[in-house]
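# Observations on chain architecture
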Amino acid sequence: MKAIIFLGTASGAGKTTLNAVYCRHLRQIGARPAPFKASNLSLNSYVTADGREIGMGQAFQAWACGLEPTIEMNPVLLKPTGKGTMQLMLLGKPVADLSSTRPMDREKVLATVGAAFDRLQDSCGVVVCEGSGSPAELNLQKTDLANVGLMRLRQVPAVLVADIERGGVFAAIYGTWLLMPPDVRPLLKGFIINRFRGDAVILRYGIDRITELTGMPCLGVVPYRALRFPAEDSMSDTEGRLSGQDVHQAFLDNLDRLLADATDAGLDLATLDRIASLST
Amino acid sequence: MDTITKKVSQEIAAGDIGPNLSCRYHPSHFTGQDCTFCYCPFYPCLDQTFGYDVIRENGEPVWDCQDCLFIHRHAVAQFVMHEIKDKGLAAGDSRLLQEVLSEAKRRYWHRGRALMVVGATSDAGKSVAVAAICRILHRAGYLVAPFKSQNMSLNSRVTVRGCEISMIQMLQAQAAGLTNADEHMNPILLKPKGDTVSQVMVEGKPFGDYTVEQYYKEFVPGPGREAVKRNLDFLLDRYDMVVMEGAGSPAEINIYDADIANMQAAALADADCLLIVNVEWGGSFAYAIGTIELLSPADRARIKGIILNNVRGDPQKLRGGADELAKRVGIPVVGIVPHLDIDLPNEDSEVFRGRNSRGTGSKRIAVIKLPRIANFTDLDPLSLEDTTVVYVTRPEELAGAGAVIIPGTKNTVGDMHWLEQTGLADAIRGLKEKVPIVGICGGYQMMGRVLHDPHGLEGEGPGDTPGLGLFDSESHWDSYDKRVIRDRGELIDGGGEVEGYEIHMGKTDSREQPLFRITSHGRRDETEGSVRSAQMLFGTYLHGVFDRPAFRTKLMNLINAGGAPAPAAPSKDYAAEVDRNLDRLADGFESALDLSFFRKLLRGEL
């Protein structure tokens, strides 16, 4: 199985963007990537060619892969509809209104997720997955779909993305690792520090200490760039540069710029490829 | 000395008076102070716990105890009055008075206790939590002071002694019921001058310029650590509780030994700590456990409780996760605090992250978002009016603005160049006489004809830079001098009072009508600022110029009338509004905190 999942230490850590950046790399080396996110909680959706709704982030990542967005890329969409209720959409169709008294039929939803993942895998070279929020939410872990849920379901190896901008980045990485269920923890293969400003040398001691504590290597310190990408939810940073006429192309140009800068800053694409089973 | 003896005799004759509410200076120290002894009967006590010698210009030492609050504690004042009357001491009987002081000190003085709030990230809610705890403790009758070792901010305020400290400690001091914040509450202030260099202020005065590396290698282990210890000791001698605020995360393991703003400060004050986590971004349990587990064992033992902050929706949905977290780390979650929508002055450029406007009122006020914008808390009071404040970086964004404000900056010359490059300078010139234009501090300097910087003190190299040319004035930077002072004044053409503070390098020579008459410096005919009423042009060095209603009302009248003044309802007093909001903030925390835990914490029983 060729797949990898980008997990985040928080919302807005940069999962969506780094997933898309990695997709650009895979496309350049001819590895035929396709994006996947088991479930999205968002009102900001995109409509596929066959008229079905998926999360904006996966549509964006599909373009990065040179693909037309399809429903398999995001089989579950949860749309908040008001006080404590959510509309559950499976494969783009509304199927139920959920609330605390009417929980999701998790087995059925997981089966849909698994089947969509398998169909997507059959049609592409490597599935580049994205988690949702943080995988370490103790109150949500049991019912989680997009993080621990998918990892268990298909044994997908993971990379943890942590945003350094707000501080506490080492605590975020170590704490997330500590709170992963013991059966899933071995699937955490490395971490990436995102949105760094300055000289990464000052992080050296901290990075080494985290590797010593968790066994996870650091796969890169990605520099902060004021580049704009589609806003998926209210937490994302949507400030920054966007130029040109075609907005799709402008987003892709920004991704390529970030890929080049991240590679220059030492993003370890070779190890990422190994984690995704593209090479040994 | 004879004057003091005489005054004290009068005080003894007058007896207990408690807080003197009819005194025009009340409260001179803190809300609820006892004024029985306005003049201390023990002066000069020469007790180093309460005061210190200052050397006068003639070389003579003089005993300075202006920071001592001991005699203004109600219990102390009552005891001293009772002893003096009981023993029939005459004021000035120094040996016997020393005995009374010793006994009062033995009974009522104790070194204060410290409590510290550390955060899992920046923006975790440390500042507001400290403000809330200060207000809760003040309401419970404690004499309490806020403290933060080190702040990186361009939003400083000026204390009555003319020292610069962070505006947040100023706000927290207000929450603590203190009339005056002082430099001990924020002994180190870093003011970024460029990308890599900061001006370091110690105890409110410039200390030197440091690069990041120099700061950690040279400043922190020596003068930095000394300053933190000295000022913590100072506050712990004078207050019941010192509520400390950490900086960023305490678990930055790459700089752990050089971090004097978090656990090292806690150790110096022997503080019990609370860890606060902002749950809004997710991952809060991971941030909490990660922070705690990366601390050294001794530091970890100081963390007594965890606060989950800024919860939207039902806080109880986090209860299960919180219990699990508490079990894993062996530290209780002592509060799940809901998102509190309370308007308080803001710090740091965080305000601007992902946001370019504030408010939803009908009057649009354009604020030029200068690259090195400083003291933009000046604009907060505009939210009290029917306004939408828009932060502008491009000429087209000025469309529809009813007024333009050019705020302060850390680099007037550099930002003036930016103003020209973006085309905003011409756009602002084009709005002259059409809408009110207000320049504050650096913005005021820009409104003149020219900026002379012959020595390149602003950091852009020596030379002259044309200004906006709205005023017949010139600003010049002749020396590295900085003016830091608090002012009170009134609008010269009537309309009421203003209060504020100046922090600037450079001076302005103006041939315009002055805007304000300054009343607080004891000199007659002192004026400030420039105004051309008919053209609706206003310039001032006064930060906080909108805090009091007068000038704000004047601006709003001009906006509402599209030029001509129109009557409006009296505006609210911003300081009083802030005080009400501090109470609401304290209420919010109080109802979310585990109070039995909190009581044990205060008694040092954890």
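Sequence positions are assigned chain by chain, starting from 1 and proceeding in written order. Numbering of ligands from 1 and lettering of chains from A proceed in the order in which they are written. Given that the model is predicted, a residue must reach a pLDDT of at least 70 before its local features are reported, and side-chain atom pairs must reach 80 or more before they are shown or counted; all residues, however, enter totals for whole chains, interfaces and linings.

Here the focus is the overall build of chain A. Within chain A, the regular secondary structure consists of 8 helices and 12 strands. Taken over the C-alpha trace, chain A has a radius of gyration of 18 Å; the compact-globule value for 280 residues is 19 Å, and the two agree within 12%. Each of the three principal axes of chain A carries a C-alpha extent, and together these read 50 × 45 × 40 Å. Labels follow a simple rule on C-beta atoms placed from the backbone: if 20 or more others lie within 10 Å of a residue's own, it is buried; if 12 or fewer, it is exposed; otherwise it is partly exposed. Counting every position in chain A, which comprises 280 residues, the buried fraction comes to 49%. Residue pairs in contact within chain A that sit at least 24 positions apart in sequence constitute 71% of those at least 6 positions apart. A run of H or I in DSSP counts as a helix once it spans at least four residues, and a run of E counts as a strand once it spans at least two, with each numbered from the N terminus. Each radius of gyration is computed over the set of C-alpha atoms, and the globule rule expresses the reference value as 2.2 Å times the number of residues to the power 0.38. Residues are defined as contacting one another if the C-beta atoms placed from their backbone atoms lie within 7 Å.

Residues and elements named next belong to chain B. Taken in spatial order, the 4 strands of this open sheet run S26-S25-S28-S29, and their pairing is antiparallel. Each edge of the open sheet carries a strand with a single partner, namely strand S26 (497-505) and strand S29 (527-528). Here the rule is simple: two strands pair whenever DSSP picks up at least two bridges between them. Inspection of the sheet shows strand S25 (residues 482-491) paired to strand S28 (residues 516-518) by 3 bridges, in the antiparallel sense. Counted as the bridge partner of Gly489 is Ile518 from S28.

With 29 residues of chain B at the contact, the number on the chain A side is 31 residues. Of all elements in the fold, only helix H8 (284-294) and helix H10 (319-329) of chain B reach the threshold of two or more residues within the side of chain B that touches chain A. In terms of residues, the side of chain B that touches chain A owes the most to one element, H8(B), which gives 9 residues. Residue classes in the side of chain B that touches chain A are distributed as 12 nonpolar, 12 polar and 5 charged. Here the nonpolar group is Ala, Val, Leu, Ile, Met, Phe, Trp, Tyr, Cys and Pro; Asp, Glu, Lys and Arg are the charged ones; every other residue, Gly included, is treated as polar.

All names here are of chain B. Every buried residue of H10 is listed here: Gly321, Ala322, Leu325 and Val329. An end-on view of H10 places all buried positions within 100 degrees of arc, on one side of the element. Residues of H10 that are buried sit in contact with H8, strand S13 (303-311) and strand S14 (333-338). At the C-terminal side of H10, Gly330 shows a positive phi close to 70 degrees. Directions from the helix axis toward the C-beta atoms define the arc.

Now for the domain arrangement of chain B. Per the annotation, domain bounds derive from an automatic or database assignment of domains. Its domain assignment divides chain B into domain 1 (3-108), domain 2 (113-151 + 167-181 + 224-339 + 583-603) and domain 3 (349-572). Distance between the C-alpha centres of domain 2 of chain B and domain 3 of chain B: 36 Å.

When pLDDT is averaged along chain A, the result is 90, and 92% of the positions lie at 70 or above. Per residue, pLDDT measures the predictor's confidence, with a range of 0 to 100. A low-confidence stretch, residues 233-239 of chain A (pLDDT under 50), is modelled with 15 contacts involving residues beyond four sequence positions or located in other chains.

All names here are of chain B. Taking every second residue as pointing to the same face, the buried face of strand S22 (residues 450-453) carries Leu451 and Asp453, while none of Val450 and His452 on the other face is buried. The pairing of S22 with strand S24 (residues 473-476) spans 3 bridges and is parallel. Directly across from Val450, in S24, lies its bridge partner Glu474.

This paragraph deals with the nonpolar core. Across soluble globular proteins, you tend to see nonpolar side chains buried next to one another. Here a nonpolar core is just a set of buried residues of the types Ala, Val, Leu, Ile, Met, Phe, Trp, Tyr and Cys, joined wherever their C-beta atoms sit within 7 Å. Residues Val159(A), Val242(B) and Leu275(B) are the most contacted members of the largest nonpolar core, which totals 184 residues. When near neighbours in sequence (up to four residues on either side) are disregarded, Val159(A) contacts Ile4(A), Phe6(A), Lys189(A), Gly190(A), Phe191(A), Ile192(A), Leu219(A), Leu272(A) and Ile275(A). Counting 56 residues, the second largest nonpolar core, distinct from the first, contains Leu419(B), Val435(B), Leu515(B) and Leu558(B).

Another aspect to go through is unusual backbone geometry. With an omega dihedral of -10 degrees, the bond running from His26(B) to Pro27(B) counts as a cis peptide bond. By secondary structure assignment, the location of Pro27(B) is in the loop between helix H1 (2-14) and strand S1 (52-55). Going from Tyr43(B) to Pro44(B), the amide bond is cis rather than trans, its omega being -10 degrees. Position of Pro44(B) relative to the elements: it lies in the loop between H1 and S1. Although it is not a glycine, Gln155(A) sits at a positive phi angle of roughly 50 degrees. The exposed category is assigned to Gln155(A), around which 12 C-beta atoms lie within 10 Å. Backbone geometry places Glu203(B), a non-glycine residue, at a positive phi of 50 degrees. Residue position: Glu203(B) is located in the loop between strand S9 (197-202) and strand S10 (205-211).

Moving on to the confidence of the model for chain B. Residues and elements named next belong to chain B. Residues at a pLDDT of 70 or more form 96% of chain B, whose mean pLDDT is 89. Below a pLDDT of 50 lies the segment residues 348-354, which in the model reaches 8 contacts outside its immediate sequence neighbourhood of four places, other chains included. Note on residues 563-570: pLDDT under 50 across the span, and 12 contacts to partners over four residues away in sequence or across chains. Prediction confidence for the complex, expressed as pTM and ipTM, is 0.82 and 0.94 respectively.

Residues and elements named next belong to chain B. With mixed pairing, the 4 strands of this open sheet are ordered in space as S23-S22-S24-S27. Looking at which strands have only one partner, the edges of the open sheet turn out to be strand S23 (463-466) and strand S27 (507-510). Strand after strand, the sheet turns through a mean of 20 degrees between neighbouring axes, direction not considered. Here S24 runs beside S27; their pairing, made up of 4 bridges, is antiparallel. For helices, the fitted line uses only the C-alpha atoms of the stretch in contact; every axis is such a line through C-alpha atoms, and the angle between N-to-C directions lies from 0 to 180 degrees.

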